[in-house]
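A closer look at the structure
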Amino acid sequence: MAACAVPPPPKPAPVQASESPDRITASDESESSKRARVRLELAAAYFGRGQMETALDQVKLALLAEPNLGQAHNLRGLIYASLGDERLAEESFRRALQINPRDTDTMQNFGWYLCQQKRYPEANQQFDQLMAVPQYRDGARTLLTQGVCHAYAGNLPQAERTLLRSLEMDPANPATAVNLSEVLYRKGDLERARGFILRVNQQADVASAQTLWLAARIEHRLGNQQSLDDVGRQLRNRFPASREASLFDRGQFNE
């Protein structure tokens, strides 16, 4: 599953020079911009640790210093979405896009938010607009998110096509391979699903209880008992307390 990105701290606005341009340094940053930057950095850190109320307090202070700071409105949207306040989350994302209609972080986050609200046509429109931004360099991430969104909507053929496009841009991304394997499994394309998840599980630092459980379900449906037993041993040895290991031991492969 794709995750929403926390916006980076704001950069100081360049100062207009009267004659020859000079290098921008910390002294060129206004006091209000500096306060907003520091507060937003703190808010992002608290958000990353899951301390939503504290993160929200810091965002509010950042916006007191710089009311038109788009990145703060974007992070405010992420926080309110995490808190389940749909009205304020959407209001925040839309305000961020009013300030900067081509802010790619906000477009990505708002598209994912719309997908989570099951507003799939609006989400896809947001993702398509993001992919059309000139010189956008993170297309693989957006296509991964959009592919997952297509899968949520039950549009498995489109999910497969979109995830394959993402994988072409970033062949080494295990999250894309896992989601593609899941889509192919749901479509009944079991051999291809097996190939993708096998490559993920061969990476010890990437394999998880969830990726091994997907492999187990695929091997079970294919009737590959020896491979299924091997995956089961890995689940028990590496993740003995996991829900997936418990499901495997009970033979509940359709859960």
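Refer to the preceding data block for the structure.
Every value quoted in this text rests on a predicted model; they were computed, and no experiment measured them.

Summed over all chains, the structure comprises one disulfide. Across the disulfide, Cys-115 is cross-linked to Cys-149 (sulfur-sulfur distance 2.3 Å). When the S-S torsion is 120 degrees, as for the bridge of Cys-115 with Cys-149, the disulfide is right-handed. Note that Cys-115 is positioned in helix H5 (residues 104–116) and Cys-149 in helix H7 (residues 139–152), a separation of 34 residues in sequence. Look at Cys-115 and you get buried, because its relative accessible area is 1%. Here Cys-149 falls in the buried class, since its relative accessible area comes to 1%.

The next point concerns the packing of aromatic side chains. This structure, assessed with the given rule, holds six aromatic pairs. Pairing Phe-110 with Tyr-113 gives two aromatic rings, centres 6.4 Å apart and planes at 15 degrees, and the pair type is stacked. Taken as a pair, Phe-110 and Tyr-113 lie in helix H5 at a separation of three residues, close to a single helical turn. The pair formed by Phe-110 and Tyr-113 is uniform in burial state, with each residue classed as buried.

Definitions and cut-offs
- Residues numbered from 1 in each chain as written.
- Predicted model: local features only at pLDDT ≥ 70, side-chain atom pairs only at ≥ 80, totals over all residues.
- Heavy atoms only, no water.
- Disulfide = S-S within 2.5 Å.
- Helix = DSSP H or I, 4+ residues; strand = E, 2+ residues; numbered from the N terminus.
- Buried < 20%, exposed > 50% of the residue type's maximum accessible area, 1.4 Å probe, protein only.
- Phe/Tyr/Trp six-rings, centres within 6.5 Å; stacked < 30°, edge-to-face > 60°.

The values are spatial; any link to function lies outside them.
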